[in-house]
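Here is what each chain is made of, one letter per residue.
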Amino acid sequence: MSLHEECGVFGVFCPKPENTAHMAYYGLYALQHRGQESCGIVVNDDGLFFSHKDLGLVGEVFSPEVMARFPQGNMAVGHVRYGTTGGNSRSNCQPIEINHQKGKMALAHNGNLSNAWQLRSELELSGAIFHSTSDTEIIAYIVTRERLHAPSIETALSRAMDSLQGAYSLVLMSSAKLIAARDPHGFRPLCYGELPGGGYVVASESCALHAVGAAFVRDLLPGEILVFHEGGIESHREHCGQCVGKICSFEYIYFARPDSVIEGMPVHLARMRAGELLAQEHPAQADVVIGVPDSGLDAALGFSRASGIPYGIGMLKNRYIGRTFISPGQEDRVDKVRIKLSPIRETVAGKRVVLIDDSIVRGTTSGQIVTMLREAGAAEVHMRISSPPFLHPCYYGTDIDSCDHLIACHHSVEEIAQIIGADSLGYLPLEKLPWMIQGRSCCSACFSGEYPTPVPQNTRKDRFEKRLSESGRRAPKI
């Protein structure tokens, strides 16, 4: 727990005007777990763009009054955000909109450019003026620049991809087309489905397709560009096959909803397999197995089935509070753990408990949970983690920009167990990750330190805000 999430993207294309804003609304609701800082929807009504974006959850930002102001349209693009580049401000809300001589564009992005610092510096030196500090605006700027000399928006996007490094799943809307694209490594998921009355939906996860009644068709290939327009669908694959596919392993461990299917692998099944592996690698003498809601529940069920230890519902999650990482300060984060999670005394009192969670980052949240279980009467708490230890920064969207706050970088497993107050601690072995996802190639750089792309020059999440602040202090008085 205490990991920062990704973002979620959603797009819909219909052959005739429909209530696409409401489809985007429900799609974003299904993707709310991927980002809780801000959200936005842009609707295309015969070439005119109507948008609303703000900080907050989908249900807060899109009130009935706001939704009533959207016109019907044949396209819409939506986004839920947790920023891994750029701060939490309204200027960083997505989708980003561009009004240009070559046409309008709305862009939603999930991922993180590993060469964002270099690209932005080059663009600023060439005269570009940025209005946000997110790397999504960098993508929008490069696509717009390429559009000046490209015969189509999809060609401009393809040429822009030659400059981009890192993770990006994109949904782009022009006046006449909806375009989806995935980086050549395929770090972040992106799929599309078909609506029963005609039309198509693109989303970060398949759960969002089901939310609007669309039938899943397939995942986009790494490097693929899909174009939806009045004539049908076009697939452009000039960037496919450039790299070995490297879907983020943490999509299966934590990010994605358990009812989603990514690259043909049900997320629920992957987490069950992780729990089975933990039972084999780190058995425990215990009376009950419980999981930390939500991503620890499936792994706990797998541990229970493999070990024969009864599964129990040991913690209750408050459904009306965001995930703990939303808290800006450490003190507030600790307080929110108790508000968010409550132990069920009848399940754990007097018992030896196996506690399953998806990760340990700082150790703060894990320590709080162990303490709560002991206060509820647990005789022993044996913690099992359905991921390997975090030892390296992630440059592809998981908000771990340095090793400074990673507890596993500074302490042994035994020391971590003592720090969080657990009787024992076991992690999923790194070499077992492929087995968990049935042999699929995945990115595990945050565990192994083996990066699929060059390591970026500047990795701080607030690097652009910091540069703006420093330049403001240096600016001469006029």
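Anything mentioned here points back to the structure above.
Residues numbered from 1 in each chain as written. Predicted model: local features only at pLDDT ≥ 70, side-chain atom pairs only at ≥ 80, totals over all residues. Heavy atoms only, no water.

Further remarks concern the side chain of Asp135. Looking at the secondary structure, you find Asp135 in helix α5 (residues 135–147). According to the relative accessible area criterion, Asp135 is buried, its value standing at 3%. A distance of 2.9 Å separates a polar side-chain atom of Asp135 from the backbone nitrogen of Leu113. (Helix = DSSP H or I, 4+ residues; strand = E, 2+ residues; numbered from the N terminus. Buried < 20%, exposed > 50% of the residue type's maximum accessible area, 1.4 Å probe, protein only. Polar contact = N/O pair within 3.5 Å; in protein donor to acceptor, adjacent residues only side chain to side chain.)

With respect to the helices and strands, the residue Thr20 is situated in helix α1 (residues 20–30). According to the relative accessible area criterion, Thr20 is buried, its value standing at 0%. Of note is the side chain of Thr20, whose polar atom sits 3.4 Å from the backbone oxygen of Gly73. Excluding anything up to four places from it in sequence, Thr20 contacts Val12, Cys14, Val43, Gly73, Asn74, Met75 and Ala76. (Contact = heavy atoms within 4.5 Å.)

Moving on, we get to unusual backbone geometry. Here the bond from Gln94 into Pro95 is cis, since omega is 5°, no more than 30 degrees from zero. Along the chain, the position of Pro95 falls in the loop between β4 (73–81) and β5 (96–100). The phi dihedral of Gln438 falls on the positive side, at around 55°, and the residue is not glycine.

Turning our eyes to something else, we now look at the pairing of strand β2 (residues 38–45). Across the eight residues that make up β2, a large majority, seven, are buried. Note that β2 and strand β3 (residues 48–55) share eight bridges and pair antiparallel. Residue pairing for β3: Ile41 is matched across the bridge by His52. The hairpin turn running from β2 into β3, its antiparallel successor, is two residues long, and Asp46 in that turn takes a positive phi close to 55°. Bridging between β2 and β4 involves seven bridges; their strand directions are antiparallel. Bridging across to β4, Cys39 finds its partner in Val80. (Pairing = 2+ DSSP bridges.)

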